[in-house]
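Chain by chain, the residues run as shown.
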Amino acid sequence: MKTFVSIALCLFVAAVSVSAQLSMSEFAEIAEQYRVRFDDLSEDKDSFLRFARVLIRAELKGLNEATLANLADARNEIDDILTEIRTEIADATLEPNANEECLLRLVDSVIAEGRTAGDGMSSCAADKIEIKEGLGDEFRTLTNTLQRIATAASEYPLFSYAQHNSFSDPQEHVDWLEQNYEAQVAFWDNVARPEAQEDLDNLEINRPALIAENRACLNAVIARLNTAFTGIRQQINSC
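These numbers come from a predicted model, not from an experiment.

A word on the state of the cysteines
Defined simply, a disulfide is a covalent bond joining two cysteines at their sulfur atoms. Enumeration according to the criterion identifies 2 disulfides in this entry. With its sulfur 1.7 Å from that of its partner, C102 forms a disulfide with C239. Judged by the sign of its S-S torsion, about -45°, the bond between C102 and C239 is left-handed. In this pair, C102 sits in helix 3 (residues 100-163) while C239 sits in the segment after helix 4 (170-238), placing the two residues 137 residues apart along the sequence. Cysteine pairing in the protein chain follows 1-4, 2-3, where each cysteine in a disulfide is numbered by its order in the sequence.

Some words on the nonpolar core
Core analysis: the largest hydrophobic core is formed by 29 residues, its most contacted members being L135, F139, L146, W188 and L200. Elements that contribute at least two residues to this core include exactly helix 2 (24-93), helix 3 and helix 4. Here this core gets 13 residues from one element, more than from any other, and that element is helix 2. Sequence-distant contacts of W188, defined by excluding residues within four places in its chain, comprise L41, D44, K45, F48, L146, I149, R193 and P194. L71, A74, I89 and L218 belong to the second largest nonpolar core, which has 24 residues in total.

A few points about the UniProt feature "coiled-coil region" (unreviewed entry) in the protein chain
Following the UniProt record, one finds the feature "coiled-coil region" (unreviewed entry) at residues 57-91. Between the end C-alpha atoms of residues 57-91 the distance is 50 Å, and the span holds 100% helix and 0% strand.

Here we look at the environment of D199
Inspection of the secondary structure assignment puts D199 in helix 4. You can call D199 partly exposed: its relative accessible area is 29%. It is 9.9 Å that separates the C-alpha atoms of D199 and A52, two residues lying 147 residues apart in sequence. Excluding anything up to four places from it in sequence, D199 contacts F139 and L142.

A few points about the environment of N144
Take N144: it is sitting in helix 3. On the basis of relative accessible area, N144 is assigned to the partly exposed category, the value being 39%. Along the primary structure N144 and L49 are separated by 95 residues, whereas in three dimensions their C-alpha atoms are 9.2 Å apart.

Regarding helix 4
Under the 1.5 Å per step criterion, the end-to-end length of helix 4 is 99 Å for 69 residues, consistent within 8% with the ideal 102 Å. The sharpest bend along helix 4 measures roughly 45° and falls at W188.

Some words on the packing of aromatic side chains
Tallied over the entire structure, the rule returns 4 aromatic pairs. A centroid spacing of 6.1 Å and a plane angle of 70° characterise the contact between Y34 and Y181, whose relative ring orientation is edge-to-face. With a gap of 147 residues between them, Y34 in helix 2 and Y181 in helix 4 connect regions that are remote in the sequence. Taking relative accessible area as the criterion, Y181 reaches 15% and is therefore assigned buried. Aromatic side chains F48 and F51 sit 6.1 Å apart centroid to centroid with 50° between the ring planes, which places their arrangement in the tilted category.

Rules and cut-offs
Think of each chain on its own: its residues are numbered from 1, step by step along the sequence as written. Reporting in this predicted model follows two pLDDT cut-offs: at least 70 for local features of residues, and 80 or more for side-chain atom pairs to be given and counted; totals over whole chains, interfaces and linings ignore these cut-offs and use all residues. Derived side-chain values reflect all non-hydrogen atoms in the structure, with water molecules and hydrogen atoms excluded from consideration. The disulfide definition used here is simple: a pair of cysteine sulfur atoms within 2.5 Å. Under the DSSP-based scheme used, a helix requires at least four consecutive residues in state H or I and a strand at least two consecutive residues in state E, with every element numbered from the N terminus. Here, the term nonpolar core denotes a set of buried Ala, Val, Leu, Ile, Met, Phe, Trp, Tyr and Cys residues that are joined through side-chain atoms within 4.5 Å. Remark: exposure states derive from per-residue accessible area (1.4 Å probe, protein chains only) relative to the maximum for the residue type, with buried under 20%, exposed over 50%, and partly exposed in between. Here, residues are in contact when the closest pair of their heavy atoms is within 4.5 Å. UniProt positions are given in the numbering used here, feature names are shortened, and annotations may be inferred rather than shown by experiment. Each residue after the first adds 1.5 Å to the expected span of a helix. The reported bend at a residue is simply the angle between two axes, fitted to the 7 residues ending at it and to the 7 residues beginning with it. The criterion for an aromatic pair is that two Phe, Tyr or Trp rings (for Trp, the six-membered ring) have centres within 6.5 Å, with stacked assigned to planes under 30 degrees apart, edge-to-face to planes over 60 apart and tilted to the rest.

This is the structure we're talking about:
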């Protein structure tokens, strides 16, 4: 009797297991739903990636254009300063008691100071070029990583068929899709997207500061040139 009951129970459990197992049509419907959900997730990531690339290009372009504008302004200001001191020296040579040899030495000093100012401008520009290139490399790495994440999301459903036997255990396949979809959503919403957005926000916030630093560097070059020319002007009077 006990043996019969045991066999009956086993048959009952087996029958329940078989009846509870997903049919292939049910599995196909669920798998298609997850394919659509993974595609939507991939599209969401692609949309953010497109936005990130546009913003990065705009910010780096803005940094480059502002740096060039700073350099142009500084170049014009330095040219005006050089023109002014050269004019003063030229006028001094017309004085009756002018010491031309002394004044020519001052011309050499002006030329040397002009070269120093040019080197200073180059240094200011190189600093920002290095920062811009570093940011470019950093954000290329970021966008490439986001692209891989987006691509992986779209490939998960197809990849899942290589990992599971849908005919023998469709439920396991469905469970895997569900778990990986939830993991993808959690990673995207809680890790990848917030960190990427923070980097983008920092780029946008820091650009004005980088531009201001560049202008301050150039202002220091101009201030040094003016200081040097103050000394040269004093020597003009003695020549």
